[in-house]
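Observations on the model geometry
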Amino acid sequence: MKETSGPHSRAGLLPGRPTEIVLLFLQAMGDQDLPGVLVSGLEGPHGICEDHIGDLQKHFTLVTLQEFLENNTRFGPKVQAVYIWGGKPAVTRELLQSLPSLKIIASAGAGLDHLDLKLIASCGVKVANTPQAVSSPTADMGMALLLAAARRVVEGHRLAIAPDTENFSTNWMGQEVTGATLGIIGMGSIGYKIAQRAKAFEMKILYHNRKRRKLEEEEAVGATYCESLDDLLRRSDFVLLAVSLTPQTQRLIGKRELNLMKPTAILVNVGRGLLVDQDALVQALQTGVIKGAALDVTHPEPLPRDHPLLKLENVTLTPHAGSATHQARRQMMENLVASILASLHGLPIPNEVRLNWDNSVA
Ligand SMILES: O=CC(=O)O
């Protein structure tokens, strides 16, 4: 496809270009008067696939964010939807004010902590996300991290490939997962899928959640509800965070909570870095308050290269990759477009995020 310049180019999406957010303006094929969709996507590790861009171009014409910002008085009134990829762009009051025709913000992933839902709702704008697309791969990642930390897979890999074989040992111990107790904090769709997987590993499952699950759902995975978080922390061999980040859950796991955990316990986080007081975690890992941690998420991301978490042997890290499968990313993209199209056609919006009276997610 040839590259053009100007507002309808796809310049920001082409490989080798600097990381850039793109905006797309929705265009019914053959329609000269463009109703707009502002789409952001990041190149590089979060990149929208090239073939998806091709699909989008059947509906949309593309313009880079820079072009939008340089000419937002021209484009702003036409934008009817924002497509958020990789948590960007920030939906500020200023951005909302510059988009008077905005109907929907469609955000990739399950987490909504990057959006001010109350502010967006007050502008009469709907929000949709893609929870189904990410729940299975993120649950897989949770189990992968749990197993990797329990069986010291990363350390083992390093030992197995070390140039000198002096330390090679078959007497090198991990922790047994079968029969161990897993405490899941946050029993939404990701937490529940983790419980389904853990059941197959014959783990005992405890969970803590804002709302208790239905009895039949608990029974299906053999999960026991712990109303008290402290109780779950005291009893678990593995504590797994799969809860949304909200003002109420920020730094849910701090020094006090880490001290309640068993010294043999491993903390796994596939939620958000800010769920944990990271300084307290570093200290707990350095002083043996807990045995280890396996984290797909940190704060910030990526961590500064001299951060202590990068230096600890008892830490396993992945780069916020819970949804990083080809299938999930493709489904996320398709879901976003489906939500946008439904909204623009006045149809029920798949994956619409609804708010409770107290502005919590329903
Ligand atoms: O971080 C990933 C998500 O929010 O789904």
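The text that follows walks through the structure, step by step, so that each part is easy to find. (Residues numbered from 1 in each chain as written. Predicted model: local features only at pLDDT ≥ 70, side-chain atom pairs only at ≥ 80, totals over all residues. Heavy atoms only, no water.)

When you go through the protein chain residue by residue, the secondary structure sums to 13 helices and 13 strands. Intrachain contacts of the protein chain at a sequence separation of at least 6 include 64% that bridge at least 24 residues. (Helix = DSSP H or I, 4+ residues; strand = E, 2+ residues; numbered from the N terminus. Contact = heavy atoms within 4.5 Å.)

Moving on to helix α8 (residues 189–200). With 12 residues, α8 extends 17 Å from end C-alpha to end C-alpha; this agrees with the ideal 16 Å at 1.5 Å per step. Contacts made by the buried residues of α8 are with α6 (131–150), β7 (181–185), β8 (204–208), α9 (215–221) and β10 (238–241). Looking at the residues trailing α8, positive phi occurs at Glu-202, about 60°. (Expected span 1.5 Å × (residues − 1).)

Take the sheet that holds β7 next. Within a sheet, neighbouring strands are paired by backbone hydrogen bonds and run either parallel or antiparallel to one another. Pairing in this open sheet of 7 strands is parallel, and the strands run β9-β8-β7-β10-β11-β12-β13 from one edge to the other. Edge positions in the sheet fall to β9 (223–225) and β13 (315–317), since each of these pairs with one other strand and no more. For this sheet the average axis-to-axis angle between neighbouring strands, irrespective of direction, equals 20°. One ladder, built from 4 bridges, connects strand β11 (residues 266–269) with strand β12 (residues 292–295); its direction is parallel. Residue pairing in the sheet places Leu-267 in a bridge with Ala-293 of β12. Relative to β7, α8 is tilted by about 170°, and along the sheet it contacts β7, β8 and β10. (Pairing = 2+ DSSP bridges. Axes fitted to C-alpha atoms, helices over the stretch in contact; angles between N-to-C directions.)

This part is about the packing of aromatic side chains. This structure, assessed with the given rule, holds 2 aromatic pairs. Centre to centre, the rings of Tyr-207 and Tyr-225 are 5.2 Å apart; their planes meet at 55°, and the pair counts as tilted. Remark: Tyr-225 occurs in strand β9 and Tyr-207 occurs in strand β8; sequence separation between them is 18 residues. (Phe/Tyr/Trp six-rings, centres within 6.5 Å; stacked < 30°, edge-to-face > 60°.)

Mapping Ser-122 onto the fold places it in helix α5 (residues 117–122). Expressed as a C-alpha distance, the spacing of Ser-122 and Lys-103, which sit 19 residues apart in the sequence, is 12 Å.

A word on the pattern of salt bridges. Scanning the model with the defined rule gives 13 salt bridges in all. A salt bridge links Glu-352 to Lys-126; its shortest N-O distance comes to 4.0 Å. Separated by 226 residues along the polypeptide, Glu-352 in the segment after α13 (326–344) and Lys-126 in strand β6 (residues 126–128) bring together distant segments of the chain. In this structure, Lys-262 engages Asp-237 in a salt bridge whose closest nitrogen and oxygen atoms are separated by 2.9 Å. Note that Lys-262 is positioned in the loop between α11 (255–260) and β11 and Asp-237 in the loop between α10 (229–235) and β10, a separation of 25 residues in sequence. Among the ionic contacts, a cluster of salt bridges with common partners joins Lys-126, Glu-352 and Arg-354. (Salt bridge = Lys/Arg side-chain N within 4 Å of Asp/Glu carboxyl O.)

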